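Remarks on the overall topology
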Amino acid sequence: MDKTLILAIESSCDETAAAIIEDGSKIRANLVSSQIDLHQKYGGVVPEIASRKHLETINLLIKETMEEAGLEFKDLSHIAVANSPGLIGALLVGVSTAKALAYGAKKPLIAVNHIEGHVYANFLQHKDELEFPLICLIVSGGHTMVVKMTGHGEYEVMGNTRDDAVGEAFDKVARTLGIGYPGGPVIDKLSKEGNEKSIDFPKATLEKGSFDFSYSGLKSAVLNWINKEKMLGNEISVADVCASFQKAAVEILVEKTIAAAEQENVKTIITAGGVSANSKLRELLKEEGNKRGMKVFFPPIEFCTDNAAMIGAAAHYKAIRKEYAGLDLNGVANFNFADYIKKGKEE
Ligand code: KG4
Ligand code: ZN
């Protein structure tokens, strides 16, 4: 295995993060500076505030990361950065910093798609156990996909959302319930005190054999239910709404992921993205997968949400393939993972 020692930078949304990853999985340093407190009062991420905060934080964060690992820039093998998708102003802070460091330290630059980074969070802990082909369920704030991974950097899209992403649905429901941002972790926590069978929210299964998802119907059903109850003057059990919504949202993810693995006769399942921190998803997917002799892996909770260690893990495999970026690298805001996969195939 080729040796790498990569400084990875992540600034696509509301976390400024830097990490140093050795040979794809050894974490020499990993720092995340979250901006959540700044955005919470607005109920979501304010792009302009995010960019400014990244700018204030990034240099010091990288300095601390290097110090924690006890390294100097000359010791590194590569500089990696998440350059897509995300908020453009936020991405550009990371991209410009990485380019300057790569130029100054004379190190090759590696561009990582943020969602591919989420996929590689699995390899930080489970590198030696993961066997291709595998099925990856990608569930984040902007993505809901089932992907078959046939090798490093090799993907086939089996299913995608036709409208909203599941994380978006969690955030919207939480916002309507007035329980805070980001919604996923709060709903997960409150659901533990609620009765998940109390309200029967609809699950969109779509056509037979399809691995696609639709979350706009479930989201609207929950919002309509809340509004109706409020109009009737009924008291709402927030925990029951959370638990019932979470059950509907998660069951469909599990059904489709298992069905995709069965169809492809794949025995290994991984998950990626913020929603893979969800306790109900972790419990149900493991249970259903294990029942069928499949191995189900999750990234450690701290690596489910945005971090730079996952960017460093993905960059390691790109380094082996010598997939380098030029100093003309740009940030790309709207670069869905499905488009990223397609582009790779065309080249
Ligand atoms: O992957 P991520 O950090 O950012 C994107 O790349 O989009 O995902 C953020 C999403 C948010 O929608 C957040 O509510 C959701 O992940 N999330 C969760 C949980 N933790 C974070 N959703 C459900 N349950 C959780 N425990
Ligand atoms: Zn993310």
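Every chain's residues receive numbers from 1 upward, in the order its sequence appears when written. Following the order in which they are written, the chains are lettered starting with A and the ligands numbered starting with 1. With the structure being a predicted model, the display of local features is reserved for residues of pLDDT at least 70 and the display and counting of side-chain atom pairs for 80 or more, all residues being used for whole-chain, interface and lining totals. Just so you know, side-chain values use all the structure's heavy atoms and leave hydrogens and water out.

A word on the site of ligand 1. What makes a residue near a molecule or strand is one non-hydrogen atom of that residue sitting within 4 Å of it. Looking at ligand 1, there are 20 residues lining it, with His118, Gly141, Asp171, Gly184 and Gly274 nearest. Asn278 is positioned such that a nitrogen or oxygen atom in its side chain is 3.0 Å from a nitrogen atom of ligand 1. Bound to the protein, ligand 1 loses 88% of the 550 Å² it would expose on its own. Using only the protein atoms, space was sampled on a 1 Å grid; points where a 1.4 Å probe fits but cannot get out form cavities, open sets with protein on both sides within 12 Å along at least five of seven lines form pockets, and lining residues are those with an atom within 4 Å of a point. What decides whether a molecule sits in a cavity or pocket is whether more than half of its atoms lie within 2 Å of the grid points. Here ligand 1 occupies the largest pocket. The residue classification treats Ala, Val, Leu, Ile, Met, Phe, Trp, Tyr, Cys and Pro as nonpolar and Asp, Glu, Lys and Arg as charged. All others, Gly included, are polar. Here the residues of the shell around ligand 1 are counted per class, giving five nonpolar, twelve polar and three charged. What marks off one domain from the next here is an automatic or database domain assignment. Two domains each provide a minimum of three residues to the shell around ligand 1, namely domain 1 (5-119 + 304-346) and domain 2 (132-299). Side-chain atoms alone can form a polar contact between residues adjacent in sequence; in general such a contact is a pair of N or O atoms within 3.5 Å, and within protein one must be able to donate a hydrogen while the other accepts it. Throughout, the Shrake-Rupley method with a 1.4 Å probe supplies accessible areas, and for residues the shown protein chains are the sole cover considered.

Surrounding the zinc ion (ligand 2) are the protein donor atoms His114 (NE2), His118 (NE2) and Asp306 (OD), which sit 2.0 to 2.1 Å from the metal. Counted as donors are the N, O and S atoms within 2.8 Å of the metal, or 3.2 Å for Na, K and Ca, while water is not among the atoms, so some sites may look incomplete. Site description for the zinc ion (ligand 2): donor spacing in sequence, H-x3-H-x187-D. Taken together, the residues His118 in helix α4 (residues 114-126) and Asp306 in the loop between β10 (295-297) and α10 (309-320) connect sequence positions 188 residues apart. Like His118, the residue Asp306 is buried in the burial classification. To qualify as a helix, a DSSP run of H or I must reach at least 4 residues; to qualify as a strand, a run of E must reach at least 2; elements of each kind are numbered from the N terminus. Burial status follows relative accessibility: with a 1.4 Å probe on protein chains alone, a residue under 20% of its type maximum counts as buried, one over 50% as exposed, and anything between as partly exposed.

Let us look at the domain arrangement of the chain. Per the domain assignment, the segments making up the chain are domain 1 (5-119 + 304-346) and domain 2 (132-299). At the junction of the two partners, domain 1 supplies 21 residues and domain 2 supplies 23 residues. Of all residues in domain 1, the largest losses of buried area upon contact with domain 2 belong to Val119, Cys304 and Ile341, amounting jointly to 30% of the total for that side. The term salt bridge refers to a side-chain nitrogen of Lys or Arg lying within 4 Å of a carboxyl oxygen of Asp or Glu. Counting across the domain 1 and domain 2 interface gives zero salt bridges. Of all the secondary structure elements, the ones that give two or more residues to the side of domain 1 that touches domain 2 are α1 (36-40), α4 and α11 (337-346). Among the residues making up the side of domain 1 that touches domain 2, the classes are represented as eleven nonpolar, six polar and four charged. It only takes one pair of heavy atoms within 4.5 Å for two residues to be counted as in contact. Reported buried area values correspond to the accessible surface (1.4 Å probe) lost by two parts on association, with both partners' losses combined.

Before going further, it helps to examine the nonpolar core. Core analysis: the biggest nonpolar cluster contains 42 residues, and Tyr215 and Phe245 have the highest contact counts within it. Looking at this core element by element, the count peaks at twelve residues for helix α8 (residues 238-264). When sequence neighbours within four positions are dropped, the list of residues in contact with Tyr215 reads Thr144, Thr161, Asp163, Asp164, Ala165, Val166, Ala169, Ala249, Ile252 and Leu253. Counting residues in hydrophobic clusters, the runner-up holds 41 residues, among them Val112, Ile270, Ala272 and Ala315. Buried Ala, Val, Leu, Ile, Met, Phe, Trp, Tyr and Cys residues form a nonpolar core when they are joined through side-chain atoms within 4.5 Å.

Another aspect to go through is α10. Here α10 is twelve residues long and its end C-alpha atoms lie 17 Å apart, about the 16 Å a rise of 1.5 Å per residue gives. Of all twelve residues in α10, eleven are buried, a share of seventy percent or more. Within α10, the full set of buried residues consists of Ala309, Met310, Ile311, Gly312, Ala313, Ala314, Ala315, His316, Tyr317, Lys318 and Ala319. At the exit of α10 stands Lys322, carrying a positive phi of roughly 55°. In a helix, the anticipated span is given by 1.5 Å times the number of residues less one.

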